[in-house]
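# Reading the structure
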Amino acid sequence: MTERKGAGTPYDLEERTFQFAKRVRLFVKTLPRSVGNIEDTKQLVRASGSVGANYREANEALSKKDFLMRAKIGRKEAKESAYWLRLICETNQLKDSVEGDVLFDEANQLVRILSKIITNKK
C-alpha cells in the first residue's frame, strides 16, 4: 500500500484509480439484481477499471502526444463512471446510498485531477 493523504486518499494516482475501481466492484455486488442494474453495472465496471488502466498507459507513453491521448481517455472513462454511478444511485432504493455518493464524488475528483494533468502537460 502507498502512503495516504488527508481523508484516506492515496497520494499515488495509480493507486487511487485502482482503489476506485476496486470500490466500484464491491459496491455493485450490493445492488439488487435487475435487468437495468446488470446492464448499468457492466458499463460502470468497465469504465471504472479503464480510468486507471489508461492512466498507467499514459505514464508509460512514448511521446507527449501519446501521454495526452491516454490521459484524455482516462478522463473520459472517469466521466462515464460518474454517469453510470449517478444513474444507478437515482434508479435504486439503496439501503445505504453513502457509498454510491462517495464513489460519484471520487469519479468527479478523478475527472478534475486528470483535467489538471492534461492542462499542465500541454
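Our subject is the structure listed above.
The notes below deal with the structure included here. (Residues numbered from 1 in each chain as written. Predicted model: local features only at pLDDT ≥ 70, side-chain atom pairs only at ≥ 80, totals over all residues. Heavy atoms only, no water.)

## Side note on the side chain of Asn92
Along the chain, Asn92 turns up in the loop between α3 (64-90) and α4 (98-121). By relative accessible area, Asn92 is classed as buried at 13%. Among the polar contacts made by the side chain of Asn92, one reaches the main-chain carbonyl oxygen of Ile88 at a distance of 2.8 Å. Discounting residues that sit within four places of it in the chain, Asn92 has contacts with Pro32 and Asn37. (Helix = DSSP H or I, 4+ residues; strand = E, 2+ residues; numbered from the N terminus. Buried < 20%, exposed > 50% of the residue type's maximum accessible area, 1.4 Å probe, protein only. Polar contact = N/O pair within 3.5 Å; in protein donor to acceptor, adjacent residues only side chain to side chain. Contact = heavy atoms within 4.5 Å.)

## Quick word on the nonpolar core
Grouped together as the largest cluster of nonpolar side chains are 21 residues, with contacts concentrated most on Phe20, Phe27, Leu44 and Leu85. Counting only elements with at least two residues in this core, the list comes to α1 (13-28), α2 (35-59), α3 and α4. When residues in this core are grouped by element, the largest group, six residues, is from α3. Not counting residues up to four positions away in its chain, the partners in contact with Phe27 are Leu85, Ile88, Cys89, Leu94, Glu99, Gly100 and Leu103. (Core = buried A, V, L, I, M, F, W, Y, C linked by side-chain atoms within 4.5 Å.)

## Let's talk about the side chain of Glu80
Turning to its location among the elements, Glu80 is positioned in helix α3. Among the residues examined, Glu80 registers a relative accessible area of 18% and is labelled buried. Of the polar contacts made by the side chain of Glu80, one reaches the side chain of Arg46; its length is 2.5 Å. Beyond its immediate sequence surroundings of up to four residues, Glu80 is in contact with Gln43, Arg46 and Ala47.

## Digging into α1
The terminal C-alpha atoms of α1 lie 23 Å apart, and with 16 residues this matches the ideal 22 Å at 1.5 Å per residue to within 8%. A side-chain oxygen of the first residue of α1 lies 2.9 Å from the backbone nitrogen of Glu14; this N-cap is Asp12. (Expected span 1.5 Å × (residues − 1).)

## Things to note about the packing of α3 against α4
Relative placement of two packed helices is described by the angle separating their axes and the distance separating the axes. Contact geometry of α3 with α4 gives a least axis separation of 9 Å together with a crossing angle of 160 degrees. When the axis of α3 is compared with that of α4, the two are roughly antiparallel. Crossing of α3 over α4 shows left-handed handedness. A class-by-class count of the residues in the contact of α3 with α4 yields 15 nonpolar, five polar and seven charged. (Axes fitted to C-alpha atoms, helices over the stretch in contact; angles between N-to-C directions. Parallel < 35°, antiparallel > 145°, perpendicular 65-115°, else oblique. Left-handed = near helix turned anticlockwise from the far one by under 90°. Nonpolar A, V, L, I, M, F, W, Y, C, P; charged D, E, K, R; others polar.)

## A few points about the packing of aromatic side chains
Applying the stated criterion across every chain yields a total of one aromatic pair. Seen from their ring centres, Tyr83 and Trp84 are 5.0 Å apart, and the 80 degrees between their planes marks the pair as edge-to-face. (Phe/Tyr/Trp six-rings, centres within 6.5 Å; stacked < 30°, edge-to-face > 60°.)

## Description of the pattern of salt bridges
According to the stated counting rule, one finds nine salt bridges in the structure shown. The salt bridge partner of Arg46 is Glu77, with a shortest N-O separation of 3.4 Å. Linking Arg46 in helix α2 with Glu77 in helix α3, this pair joins segments that are 31 residues apart in sequence. A relative accessible area of 40% means that Arg46 is categorised as partly exposed. Three or more residues joined by partner-sharing salt bridges are found here, namely Arg46, Lys76, Glu77 and Glu80. (Salt bridge = Lys/Arg side-chain N within 4 Å of Asp/Glu carboxyl O.)

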